[in-house]
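# Summary of the model geometry
So the chains spell out like this:
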Amino acid sequence: MASAAEQLAANMNMGSFAKATELHKRLLFTLGALLVYRIGTYVPIPGINGEAFLAFFQNPDGQRGILDMFNMFSGGAVERMAVFALNVMPYISASIIVQLMGAVYPPWEKLKKEGGESGRKQLNQYTRYLTVFLALAQSFGIAVGLNAQPGLIDQPGLFFIISTVTVLTGGTMFLMWLGEQVTARGVGNGISLIIFAGIVAVLPSTVARMLGLAQQGQMSAFTLLFIAIMAVAVIVFIVFMERAQRRLLIQYPKRQEGNRMTGGERSFLPLKVNTAGVIPAIFASSLLMLPTTVAQFTANANLPDWMSWLPLVTAQLTHGQPVFMILYAVLIVFFCFFYTSITFNPEDTAENLRKYGGFLPGIRPGKRTAEYLDYVLTRLTVIGAAYITAVCLLPEFLVSSLGNSLYFGGTSILIVVSVTMDTVAQIQSHLLAHQYEGLIKKAKLRGRGRGGSAPVRR
């Protein structure tokens with residue numbers, strides 16, 4: 001027999017959505033925030049020569065390193081050098097650094113485990129401070145690099161560097177605040193939705209470019225159809241793997257309280273196949289794109305003799321090259337295991353189960369439970385790492401056979417599908433909560449119609 005929650009979920013339809021006025025307000029706020037973000041990606045920083053920078057960005061070889069990923073995540077703001085060119089990447093980097101430090105730095109580890117809500121707020125504050133520092137460092141590097149390029153700046157100098165650092169850092173901090181507002185007053189995770197909007201914004205131009213290549217005869221109709229079918233298959237595969245989990249049965253013993261027997265319940269500990277999420281793909285692609293980025297900004301410079309190897313290395317670390325794909329796969333697998341070990345600690349989980357009296361059937365509490373959790377998690381991480389590697393390397397094989405003009409990142413597909421699933425789940429939870437509120441109100445009205453509350457026995 002289905003539970004009450006499952007029955008309510010089955011009854012959700014457009015009628016229940018039309019009555020959820022609170023959800024309408026949240027959706028409108030989210031859409032308005034994303035609209036503000038998209039407008040900001042078209043506002044250039046002061047003093048930049050837009051046409052010259054676009055020509056510099058879209059160089060003939062199509063290799064711009066990490067700028068390609070930043071441009072994809074920001075919805076084209078980098079190629080326009082807009083005020084939101086840094087996007088929320090400094091915030092994401094700061095969040096990852098704080099999470100890693102929370103596992104290896106004892107004071108932050110204590111805040112994370114024992115601080116509760118106040119500890120979480122303190123770590124969030126550290127994340128904001130680190131975001132400001134990273135945004136200042138990245139914007140200063142961009143400003144100095146642009147100032148050294150002839151023809152890109154109308155009036156190069158110290159004033160341009162200061163104004164560029166101020167505008168880019170302010171844009172990142174505004175997006176961080178906007179993302180927090182969406183999380184609190186809208187639907188979904190605000191930071192994830194901002195990245196999602198940037199990726200989706202460049203999708204129409206990518207599709208139009210592919211259709212243009214097919215129309216010009218540079219791509220066959222069969223190839224275009226194959227890419228479309230493969231994209232749908234990859235999305236279905238990602239949805240299946242992101243929802244896949246291993247559910248471990250947890251048994252709570254029975255105990256006697258007075259004349260009653262309590263306990264004896266069963267629950268499940270869900271372990272996701274992909275515990276690390278999209279973090280390994282982002283880390284791996286960022287590290288591999290750094291040499292190409294350095295080569296792009298030093299293309300016109302006279303390199304010393306000891307750096308003569310840089311062009312040879314960057315030629316191999318480009319999309320579609322065998323060396324790039326091998327290193328990409330190795331880094332993804334490494335970061336999958338590393339980040340999973342940071343986010344899930346089997347010993348802490350086993351200790352929490354022991355404190356609350358829970359145990360895995362057939363396994364002794366404590367050390368044996370931790371060893372079994374580590375055993376299961378390791379094998380799940382192998383499957384998750386193979387899944388992420390396959391999704392990220394599939395576009396690379398297309399690049400090697402069809403060319404760089406058709407490149408689309410597996411990381412972007414992972415982000416779009418994951419954010420869409422999380423947002424839809426939150427919308428469903430809001431609808432479910434609205435239905436619960438309606439049932440409670442109906443119950444109160446029925447109670448009043450029957451003459452109020454029953455008399456109290458003395």
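Going by what an unreviewed UniProt entry lists, the chain is known as Protein translocase subunit SecY and is assigned to Brevundimonas diminuta. Among the UniProt annotations of the chain, the heading Sequence similarities (unreviewed entry) holds the following wording: "Belongs to the SecY/SEC61-alpha family." UniProt's Subunit (unreviewed entry) comment on the chain is quoted here verbatim: "Component of the Sec protein translocase complex. Heterotrimer consisting of SecY, SecE and SecG subunits. The heterotrimers can form oligomers, although 1 heterotrimer is thought to be able to translocate proteins. Interacts with the ribosome. Interacts with SecDF, and other proteins may be involved. Interacts with SecA."

Two numbers describe how helix H9 (residues 158-185) lies on helix H10 (residues 190-201): the axes approach to 7 Å, and their chain directions differ by 115°. Taken together, the axis directions place H9 and H10 in an arrangement best described as roughly perpendicular. In this structure, H9 contributes Leu175, Met176, Gly179, Val182 and Thr183 to the contact, and H10 contributes Gly190, Ile191, Leu193 and Ile194. Considered class by class, the residues forming the contact of H9 with H10 number six nonpolar, three polar and no charged.

So, about empty space enclosed by the protein. Rolled over the atoms, a probe as big as a water molecule pinpoints where empty space is left. Scanning the entire structure with this criterion turns up two cavities of 30 Å³ or more. The calculated volume of the second largest cavity comes to roughly 40 Å³. Taken together, Val273, Asn274, Thr275, Ala276, Cys336, Thr340, Leu380, Thr381, Gly384 and Ala385 make up the full set of residues lining the second largest cavity. Listing elements by their share of the lining of the second largest cavity, those giving two or more residues are helix H15 (322-343) and helix H17 (367-402). When residues in the lining of the second largest cavity are grouped by element, the largest group, four residues, is from H17. Class assignment of the residues belonging to the lining of the second largest cavity gives a composition of five nonpolar, five polar and no charged.

Moving on: unusual backbone geometry. Its identity is not glycine, yet Asn87 carries a phi of approximately 55°, on the positive side. On the secondary structure map, Asn87 appears in the loop between helix H5 (66-73) and helix H6 (89-104).

Definitions and limits used
Residues numbered from 1 in each chain as written. Predicted model: local features only at pLDDT ≥ 70, side-chain atom pairs only at ≥ 80, totals over all residues. Heavy atoms only, no water. UniProt positions renumbered as here; feature names shortened; annotations may be inferred. Axes fitted to C-alpha atoms, helices over the stretch in contact; angles between N-to-C directions. Helix = DSSP H or I, 4+ residues; strand = E, 2+ residues; numbered from the N terminus. Parallel < 35°, antiparallel > 145°, perpendicular 65-115°, else oblique. Contact = heavy atoms within 4.5 Å. Nonpolar A, V, L, I, M, F, W, Y, C, P; charged D, E, K, R; others polar. 1 Å grid on protein atoms, 1.4 Å probe; cavity = no way out; pocket = protein on both sides within 12 Å on 5 of 7 lines; lining within 4 Å. Points joined across faces, edges and corners; volume = space filled by probe spheres on them.

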